[in-house]
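Read off the chains here:
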Amino acid sequence: MTANTIKVVCSNCNLRELCMPVGLSPDQMDRIDEIVATRRKIKRGGALFRNGEAFTSLYAIRTGFFKTSVATEDGRDQVTGFQMAGEIIGLDGIVNDQHSCDAIALEDAEVCVMPYSKLEELSREVNALQHHVHKVMSREIVREHGVMLLLGSMRAEERLAAFVLNLVQRLHARGFSQSELILRMTREEIGSYLGLKLETVSRTFSKFAEDGIIEVKQRHVRILDTDKLQALINSQQCTV
């Protein structure tokens, strides 16, 4: 894991609209550029931060994929989320000034480091930035509610269908295919996140394939029938 002091120009970043507010003046963008002054590379399997570490910064993911997880009382890792390029990670640390989960890279990744004290200071002057930070926090709350609904009221098929659809929709917003994706996480990690056993995840993927809904080749998934996948999700569906 290395921290490179490379100038990151947010105004020229192709992910800017995903992780930064739109409509800022050139002067305001320059000030944000000054804050986001470093990038950090994390190798696959490396930690961006660990549970209990002091909270100093938020991180905008430039490339790569992360999972967040917490250790359960019996020593297992409970996956709490998956994060991809264009998303902000590290919000868990704001409440107690220390991180409450581990953030692990699922592939080689790079993040922009945004020192929270500087971000907070600038947010007081730039209303659009403050609004954007609040929007990101709100999205996290909505996502957590969605996960609770997913785990509390959906059958295994519904959970996996909602997960795959949500993943492909998020990737599509980043310019990727609407029907194909590479799973950066293992079946076991998906099961941990969805509250399902590994065998159930594998069996459900196989059933989707047998029913002609998706095509699965190891980690490569192609959606053959989006409507059928959507129909599996009950009317209480919420974004996860």
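Every value quoted in this text rests on a predicted model; they were computed, and no experiment measured them.

Visitor: Would you mind going over the overall build of the protein chain with me for this structure?
Guide: If you tally the helices and strands in the protein chain, you get eight helices and 12 strands. Residue burial in the protein chain is summarised as follows: out of 240 residues, 46% are buried. A separation of at least 24 residues holds for 73% of the contacts in the protein chain among residues at least 6 apart in sequence. Entry remark: accessible area of the protein chain is about 12500 Å², with carbon and sulfur atoms responsible for 48%.

Visitor: Could you clarify how one ought to interpret the sheet that holds strand 10 (residues 180–182) in this entry?
Guide: The strands making up a sheet associate through backbone hydrogen bonding, with each pair oriented either parallel or antiparallel. What the three strands build is an open sheet, ordered 10-12-11; its pairing is antiparallel. The outermost strands of the open sheet, each flanked by one partner alone, are strand 10 and strand 11 (214–217). Adjacent strand axes in the sheet meet at a mean angle of 15°, parallel and antiparallel pairs treated alike. Bridge analysis of strand 10 against strand 12 (residues 220–223) gives three bridges, and the strand direction is antiparallel. Directly across from Leu-181, in strand 12, lies its bridge partner Val-221.

Visitor: Before we go on, may I ask you to explain the sheet that holds strand 6 (residues 77–84) in this structure?
Guide: The four strands lie next to each other as 3-8-5-6, forming an open sheet whose pairing is antiparallel. At either end of the open sheet lies a strand with only one pairing partner, and these are strand 3 (47–49) and strand 6. Geometrically, the sheet is characterised by an average inter-axis angle of 30° between neighbouring strands, direction not taken into account. Sheet topology note: the strand 3/strand 8 (residues 102–105) ladder contains two bridges and is antiparallel. Each residue of the ladder has a partner; that of Ala-47, found in strand 8, is Ile-104. In this fold helix 6 (residues 187–194) packs onto strand 5 (65–71) and strand 6, with an angle of close to 105° to the strand it touches most, strand 6.

Visitor: Can you help me understand empty space enclosed by the protein in this one?
Guide: Empty space among the atoms becomes visible once a probe the size of a water molecule is rolled across them. As enumerated under the stated definition, the model contains two cavities of 30 Å³ or more in all. Empty space within the second largest cavity amounts to approximately 80 Å³. No other element matches helix 4 (residues 127–153), which puts four residues into the lining of the second largest cavity.

Visitor: So what exactly am I meant to see when it comes to helix 2 (residues 26–35) here?
Guide: Along an α-helix, a turn takes 3.6 residues, which lines up residues three or four apart on a common side. Looking only at helix 2, the buried set comprises Met-29, Ile-32, Asp-33 and Ile-35. Along the axis of helix 2, the buried positions cluster into a sector of 155°, meaning they face one direction only. Every exposed residue of helix 2 that faces more than 90 degrees away from the buried side is listed here: Asp-27 and Glu-34.

Visitor: Any chance you could explain the packing of helix 6 against helix 7 (residues 198–210) here in plain terms?
Guide: Any two packed helices are characterised by the angle at which their axes cross and by the distance between the axes. Their axes nearest at 8 Å, the elements helix 6 and helix 7 cross at an angle of 105°. One finds that helix 6 runs roughly perpendicular with respect to helix 7. Here Arg-187, Glu-188, Ile-190 and Gly-191 of helix 6 lie close against helix 7, whose contacting residues are Leu-198, Val-201, Ser-202 and Phe-205. Residue composition of the contact of helix 6 with helix 7, by class: four nonpolar, two polar and two charged.

Quick notes on the rules
Residues numbered from 1 in each chain as written. Predicted model: local features only at pLDDT ≥ 70, side-chain atom pairs only at ≥ 80, totals over all residues. Heavy atoms only, no water. Helix = DSSP H or I, 4+ residues; strand = E, 2+ residues; numbered from the N terminus. Buried < 20%, exposed > 50% of the residue type's maximum accessible area, 1.4 Å probe, protein only. Contact = heavy atoms within 4.5 Å. Areas by Shrake-Rupley, 256 points an atom, 1.4 Å probe, with all protein chains shown as cover. Pairing = 2+ DSSP bridges. Axes fitted to C-alpha atoms, helices over the stretch in contact; angles between N-to-C directions. 1 Å grid on protein atoms, 1.4 Å probe; cavity = no way out; pocket = protein on both sides within 12 Å on 5 of 7 lines; lining within 4 Å. Points joined across faces, edges and corners; volume = space filled by probe spheres on them. Arc of directions from axis to C-beta. Parallel < 35°, antiparallel > 145°, perpendicular 65-115°, else oblique. Nonpolar A, V, L, I, M, F, W, Y, C, P; charged D, E, K, R; others polar.

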